[in-house]
Amino acid sequence: MTPLPPVMALPDWAGFGIESAVNTATGPVGLLIIFVYSFLIAFALPGVSEVVLAAPLDVGLPGWAELSIIILISSVGKAAGSVFAFHLGQEAKEAGPVVRALERSRFDVISWSRSRTAQIARRWGYGGLAAALCVPGFPDTISIYAFAVLEEDYVRFALATFVGSVGRLLVTLGAVEIFVSVF
């Protein structure tokens, strides 16, 4: 597979220079950077997770093996971050003032979001979450928090986000491969 070109200019989220860290992530420290970035992208950072594919990992393995390691580490990081977001969602469900304020609003946000997400969950279950996370370029946090507030199974949630993360990175690599072969 063709590795992604380095990302030219990721926004500097909150002034931490995370774009530089991801774009220059090499060796074992690079793996840690990829894990931390993927963890944070799952619940806090705006943006997309595909940028990890541009990391010049350089751990002395063939390119396909390095990409496989990046995909594995990133997906584990995103699953861990998603479980943290899931926990926050569980806490938000229990937060009386938040729920009461939303229930009093002009629009029945709680009822509507529960019914829509419940429809998706009933129809596609955790597979729907995994499929939603496979869409390149779409912020992960939207799907993660939508499911986190309404679902209750931590293990299935973590597995779905792991599978969705792997899928998303593979779809991205496939799209790049097609683009490179055509042009």
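Our subject is the structure that appears above.
Note that this is a predicted model, so its numbers are computed, not measured.

## Re the nonpolar core
Counting 17 residues, the largest nonpolar core has Ile34, Tyr37, Val52, Leu53 and Ile70 as the members making the most contacts within it. If you list the elements that add at least two residues to this core, you get helix H1 (18-23), helix H2 (27-43), helix H3 (63-94) and helix H7 (154-182). Ignoring anything within four residues of it in the chain, the contact list for Ile34 reads Ala25, Val52, Ala55, Leu57, Ile70, Ile73 and Ser74. In this structure, Ala85, Phe86, Ile144 and Phe147 belong to the second largest nonpolar core, which totals 13 residues.

## What about the pattern of salt bridges?
Across all of its chains, the model carries one salt bridge by this definition. Among the ionic pairs, Glu50 bridges to Arg168, the shortest N-O distance being 3.1 Å. With a gap of 118 residues between them, Glu50 in the loop between H2 and H3 and Arg168 in helix H7 connect regions that are remote in the sequence. For Glu50, a relative accessible area of 7% puts it in the buried group. You can call Arg168 buried: its relative accessible area is 0%.

## Description of the environment of Val48
By secondary structure assignment, the location of Val48 is in the loop between H2 and H3. According to the relative accessible area criterion, Val48 is partly exposed, its value standing at 23%. When the C-alpha positions of Val48 and Thr141 are compared, they lie 9.2 Å apart, and in sequence the two are 93 residues distant. What Val48 contacts, discounting residues up to four positions off in sequence, is Tyr37, Ile41, Gly137, Phe138 and Arg168.

About the cut-offs
- Residues numbered from 1 in each chain as written.
- Predicted model: local features only at pLDDT ≥ 70, side-chain atom pairs only at ≥ 80, totals over all residues.
- Heavy atoms only, no water.
- Core = buried A, V, L, I, M, F, W, Y, C linked by side-chain atoms within 4.5 Å.
- Buried < 20%, exposed > 50% of the residue type's maximum accessible area, 1.4 Å probe, protein only.
- Helix = DSSP H or I, 4+ residues; strand = E, 2+ residues; numbered from the N terminus.
- Contact = heavy atoms within 4.5 Å.
- Salt bridge = Lys/Arg side-chain N within 4 Å of Asp/Glu carboxyl O.

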